[in-house]
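In case you want the letters, here they are:
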Amino acid sequence: MTDRTTTPADSRDTPMVAAMEQQHQRPHSLLDSVTERAEKYSGTRGAVEREDLARSADDVMGPMHEHLAAEERDILPLVDRYRTNAEWASVGEHGLPQLTPTQVPLVFGMMLRVATEEQHALLAENIPHEVFSQMVEVAPGALDAYERALHGTSNSGQPR
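Residues numbered from 1 in each chain as written. Predicted model: local features only at pLDDT ≥ 70, side-chain atom pairs only at ≥ 80, totals over all residues. Heavy atoms only, no water.

Caption draft 1: Focus on a nonpolar patch on the surface. On the surface, Leu-76, Trp-88 and Val-91 cluster together into a nonpolar patch covering about 280 Å² of accessible area. With respect to the helices, strands and loops of the structure, Leu-76 is situated in helix H3 (residues 47–82). Judged by relative accessible area, Leu-76 falls into the partly exposed class, the value being 39%. (Patch = residues over 30% accessible without salt bridge, like charges linked within 9 Å, V, L, I, M, F, W, Y side chains within 5 Å. Areas by Shrake-Rupley, 256 points an atom, 1.4 Å probe, with all protein chains shown as cover. Salt bridge = Lys/Arg side-chain N within 4 Å of Asp/Glu carboxyl O. Helix = DSSP H or I, 4+ residues; strand = E, 2+ residues; numbered from the N terminus. Buried < 20%, exposed > 50% of the residue type's maximum accessible area, 1.4 Å probe, protein only.)

Here's what the structure looks like:
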């Protein structure tokens, strides 16, 4: 949060923000390990490399879930306190160009699946109507197809 914006005015929040930024190091390190093992597996397609990759992916899940839960609980409320809607919207504008065309509906599907009614309304209000309507129609299916390919089922519970 402090990388692209100013530090919160309330000094009580500064240690929490610093701690969250420090916590980013562990998931990044674990994700680097997953990437390394995925590259090894893609080169060999061996059972040992596959198991090593699976173990590495499992290792990242706990710390990642803990960190994301803490961000939602502790950091996102600071957004309302210290950022305007325009500043918060710029976060999405910064991230969107980093996605490939096939990733956009997948990410929208993830957002739409967990969005509250209020969050859904904010998305609809801040995304051009034509784009939002298309994403509401296409994104859930893109996410389901991705999950079926990855796990054999989707979170919607439909088998492959």
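Caption draft 2: Region of the structure containing the packing of helix H2 (residues 25–44) against H3. Packing of H2 against H3 leaves a shortest axis separation of 9 Å and a crossing angle of 160°. In terms of their interaxial angle, H2 and H3 are classed as roughly antiparallel. Judged by the sense of rotation from one axis to the other, the crossing of H2 with H3 is left-handed. Where H2 abuts H3, its residues Arg-26, Pro-27, Leu-30, Leu-31, Ser-33, Val-34, Arg-37, Ala-38, Lys-40, Tyr-41 and Thr-44 lie against Glu-49, Arg-50, Asp-52, Leu-53, Ser-56, Ala-57, Asp-59, Val-60, Pro-63, Met-64 and His-67. Residues that form the contact of H2 with H3 fall into these classes: 11 nonpolar, 4 polar and 7 charged. (Axes fitted to C-alpha atoms, helices over the stretch in contact; angles between N-to-C directions. Parallel < 35°, antiparallel > 145°, perpendicular 65-115°, else oblique. Left-handed = near helix turned anticlockwise from the far one by under 90°. Contact = heavy atoms within 4.5 Å. Nonpolar A, V, L, I, M, F, W, Y, C, P; charged D, E, K, R; others polar.)

Caption draft 3: Looking closely at the packing of helix H5 (residues 103–114) against helix H7 (residues 129–151). Where H5 meets H7, the closest approach of the two axes is 7 Å, and the angle between their N-to-C directions is 95°. When the interaxial angle is binned, H5 and H7 end up roughly perpendicular. Within the contact between the two elements, H5 uses Val-104, Pro-105, Leu-106, Phe-108, Gly-109, Met-110, Leu-112 and Arg-113 and H7 uses Phe-132, Met-135, Val-136, Val-138, Ala-139, Pro-140, Ala-142, Leu-143, Asp-144, Tyr-146 and Glu-147. Among the residues forming the contact of H5 with H7, the class breakdown is 15 nonpolar, 1 polar and 3 charged.

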